[in-house]
Amino acid sequence: MTRAGRFAPSPSGELHVGNLRTAILAWLFARSTGRAFLLRVEDLDRARTGAEAEQLRDLAAIGVTWDGDAVRQTARAPLYAEAIARLQDAGLTYDCFCTRREIQEAASAPHAPQGAYPGTCRNLDRAELEFKRSIRPSALRLRAEVAEFTVTDVLHGRFTGLVDDFVLRRNDGVTAYNLAVVVDDAEQGIDQVVRGDDLLPSTPRQAYLASLLNIPIPEYAHVPLVVNQDGARLAKRDGAVTLADLAHSGVGVEEVRDRLLASVGLPGGTLEQALPAFCPAALPREPWVWEPLDVNKR
């Protein structure tokens, strides 16, 4: 059976240095453990024309290599439909007609766990279902049988997080991220998931869903994000943070790569040259602050 890690960007625009740092770490985790490394384009939502090609170009430029061709979520609808059908057959789904505003207002009630769907549509009777279906299309939610689930993370240890009745399929028919990522990882043989630690809170939902589908839960490693000088998550509005913008400012890709490697305590050079020195236990646990590169001061 394939043992693999992966990087799975959404093609909403160019990758910035924070995305590239995570991709490098995912590559190092996989290669250091003898795993294949796969690339998946998560294009179910927010795809921008030309963004996928830009992202593949930048990953290759920074030295990230992958095995086989990149796959796209938009080509995998039958896999998602099969998983949803299994959950429906097991009585683990229900239709939800709530708008985002209705959910926000209901979740503000004192008895509702912070961030949890309050179960408004969980037990609608047939008449209520027929009436609501005549008004608006429904999303499909998981009928969760637990309130929380515990995962083990290489960097964070045991982490227990909220599990609510999360969305499996949106009311526009698009498969939701939490289901798609679980199905994709299982189908591709991905048993190691390395990604930004902003996604750690959603991981118990995904691991619980995997358990319902009899899918092995992968090894997780949620790595610290890159932040700006104000401590906020890095974004393109923070100036020259993409390879193209940095190149325009006179900063070459090799210098960017070496700086990203140095941020995790590794020597400069190619990723293959840095690989022997990679040790997950030695990785920083705090966010890394990106300081703009000024070519005029070097």
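Residues numbered from 1 in each chain as written. Predicted model: local features only at pLDDT ≥ 70, side-chain atom pairs only at ≥ 80, totals over all residues. Heavy atoms only, no water.

1. Considering the overall build of the protein
Looking only at helices and strands, one finds 10 helices and 12 strands in the protein. Its C-alpha radius of gyration of 21 Å places the protein within 12% of the 19 Å reference for a compact globule of 298 residues. With the C-alpha coordinates aligned to their principal axes, the bounding extent of the protein is approximately 70 × 40 × 35 Å. The 298 residues of the protein split such that 46% are buried. Within the protein, residue pairs in contact and separated by at least 24 positions form 78% of the contacts whose partners lie at least 6 positions apart. Accessible surface for the protein amounts to roughly 14400 Å². Of this, 50% is attributable to carbon and sulfur atoms. (Helix = DSSP H or I, 4+ residues; strand = E, 2+ residues; numbered from the N terminus. Rg over C-alpha atoms; globule rule 2.2 N^0.38 Å. Buried < 20%, exposed > 50% of the residue type's maximum accessible area, 1.4 Å probe, protein only. Contact = heavy atoms within 4.5 Å. Areas by Shrake-Rupley, 256 points an atom, 1.4 Å probe, with all protein chains shown as cover.)

2. What about the sheet that holds strand β8 (residues 167-169)?
Strand order in the open sheet formed by 3 strands is β4-β5-β8, and the pairing between neighbours is antiparallel. Each edge of the sheet is formed by a strand with only one pairing partner; in this case those strands are β4 (93-96) and β8. Taking the axes of each pair of neighbouring strands and ignoring which way they run, one obtains an average angle of 45 degrees across the sheet. Pairing of strand β5 (residues 139-142) with β8, which is carried by 2 bridges, proceeds in the antiparallel orientation. Residue pairing in the sheet places R141 in a bridge with V167 of β8. (Pairing = 2+ DSSP bridges. Axes fitted to C-alpha atoms, helices over the stretch in contact; angles between N-to-C directions.)

3. Some points on the side chain of E42
Residue placement: E42 occurs in the loop between β2 (36-41) and α2 (51-62). For E42, a relative accessible area of 7% corresponds to the buried category. Those residues in contact with E42 that sit more than four places away from it in its chain are A8, P9, S10, P11, Q73, Y177 and V181.

4. As for the side chain of R76
With respect to the secondary-structure elements, R76 resides in the loop between β3 (71-72) and α3 (77-89). Looking at R76, its side chain comes within polar contact range of the side chain of D184, at 2.6 Å. Residues within four places of R76 in sequence aside, it is in contact with V71, D184, E187 and Q188. (Polar contact = N/O pair within 3.5 Å; in protein donor to acceptor, adjacent residues only side chain to side chain.)

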